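A look at the structure
So the chains spell out like this:
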Amino acid sequence: MSESSLNSVVSLILECKEGPKPHAEGVFSGVCVDLVDLGVVEDDWNGQRRLVHKLRLLFETEHRDEVGKAGLIAKTFTASLHPKSKLAGFLGAWRGRPVVPGDSVDLKNLVGASCTLVISHRQNLVGRNYASIDAVSKPTRKVAPSGQYNPAETRRRIAEWRAKDAAAAAAPARVPAVGGGRAINPVAAAFPQSGGAPVGAAKSEAASVAAGGDFDPEVGF
């Protein structure tokens, strides 16, 4: 290699960085800080692809990491209150009474409502750990948002993933996603997934925590 070629080589130093850590496991008091309408997205149900309306609830918990950042975790649902839907089961466990035919829930009332969350760690198909909301129940105390959550940033990330998916769909040749075909629900992939485990009343350790003072556990929806 000539001296001129050596002088043209750019120094490139790469650093291996660890990705963001998932929310800690355990039982936490929390508050809903955002409701995001993901719109109509492609989803997989019993091996069949279909277009469904999705929404995402984001919760901030009382957990703080080593730099004092509030814990943030999300869960995605199909926008349906059918008695057998996951959203109906989640809201019923949250407020302490089931969603029954004839009920209507104004979802904007979820934002600012406190709750108790049971969180565990799981692994996705590529071996990456993520935090999952396993159960929800009525709050044992009121939790105020920390003010650290930025809803505009959440929506920016969703827009980026929609643009990326649209570009991939328009490309003449694509590398297949894991399992073949297009990645399912790319908008929801912009955030750590909360898993598909059934959501019932929170584990006994959460339910047994006594509400203190004059706190009213009614969640308002």
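What comes next is a walk through the structure. Note that the structure is predicted; figures quoted are calculated from it, not measured.

Comments concerning helix α2 (residues 86–95)
Along α2, 8 of the 10 residues are buried, which leaves the element largely enclosed by surrounding structure. Of the positions making up α2, those classed as buried are L87, A88, F90, L91, G92, A93, W94 and R95. Once α2 finishes, G96 follows within two positions and takes phi at roughly 85 degrees, a positive value.

Side note on the packing of aromatic side chains
Enumeration according to the criterion identifies 5 aromatic pairs in this entry. With centroids separated by 4.9 Å and ring planes inclined at 75 degrees, the aromatic side chains of W94 and F221 adopt a geometry described as edge-to-face. You can see W94 sitting in helix α2 and its partner F221 sitting in the segment after α4 (204–207), a full 127 residues away along the chain. Taken individually, W94 and F221 each receive the classification buried, so the pair is uniform in this respect. Here the aromatic cluster, defined as three or more aromatic residues joined through ring pairs, consists of F59, F77, F90, W94 and F221.

So, helix α3 (residues 151–170)
In this model α3 runs 29 Å from its N-terminal to its C-terminal C-alpha over 20 residues, within 8% of the 28 Å that 1.5 Å per residue would give. At the N-terminal boundary of α3, the capping side chain belongs to N150, with an oxygen 3.0 Å from the backbone nitrogen of A152.

Here we look at the nonpolar core
In this structure, L57, F59, F90, L91, W94, L117 and F221 are the most contacted members of the largest nonpolar core, which totals 25 residues. Of all the secondary-structure elements, those providing two or more residues to this core are β1 (26–45), β2 (48–64), β3 (70–78), α2, β4 (114–123) and β5 (129–137). Ranked by the residues each element gives to this core, the list is headed by α2, at 6 residues. For L91, the contacting residues outside a window of four places in its chain are L81, V99, V105, L107, L110 and F221. Ranked by size, the runner-up nonpolar core spans 9 residues in total, among them V33, V36, L38 and L58.

Side note on the pattern of salt bridges
In total, this model carries 8 salt bridges according to the counting rule given. D43 is the partner of K54 in a salt bridge, and the nearest nitrogen-oxygen pair spans 2.8 Å. On the criterion of sequence distance, the pair formed by K54 in strand β2 and D43 in strand β1 is long-range, its members being 11 residues apart. You can call K54 buried: its relative accessible area is 9%. We classify D43 as buried; its relative accessible area is 13%.

Thresholds, definitions, all that
- Residue positions are counted from 1 within each chain, in the order its sequence is given.
- This being a predicted model, a pLDDT of at least 70 is required before a residue's local features are given, and a value of 80 or more before pairs of side-chain atoms are given or counted; all residues contribute to the totals for chains, interfaces and linings.
- Values reported for side chains reflect all heavy atoms of the structure, with hydrogen atoms and water molecules removed beforehand.
- Remark: exposure states derive from per-residue accessible area (1.4 Å probe, protein chains only) relative to the maximum for the residue type, with buried under 20%, exposed over 50%, and partly exposed in between.
- What counts as a helix is a DSSP run of H or I of at least four residues, what counts as a strand is a run of E of at least two, and both are numbered from the N terminus.
- To pair, rings of Phe, Tyr and Trp, with the six-membered ring standing in for Trp, must have centres within 6.5 Å; the planes then decide the type, stacked if under 30 degrees apart, edge-to-face if over 60, and tilted in the middle.
- Any helix carries an expected span of 1.5 Å times its number of residues minus one.
- N or O atoms within 3.5 Å of each other form a polar contact, as long as, within protein, one can give a hydrogen and the other can take it, and as long as residues adjacent in sequence are counted only when both atoms are side-chain atoms.
- To qualify as a nonpolar core, a set must consist of buried Ala, Val, Leu, Ile, Met, Phe, Trp, Tyr and Cys residues joined through side-chain atoms within 4.5 Å.
- By definition in these notes, contact holds between two residues if any of their heavy atoms fall within 4.5 Å.
- For salt bridges, the criterion is a side-chain nitrogen of Lys or Arg within 4 Å of an Asp or Glu carboxyl oxygen.

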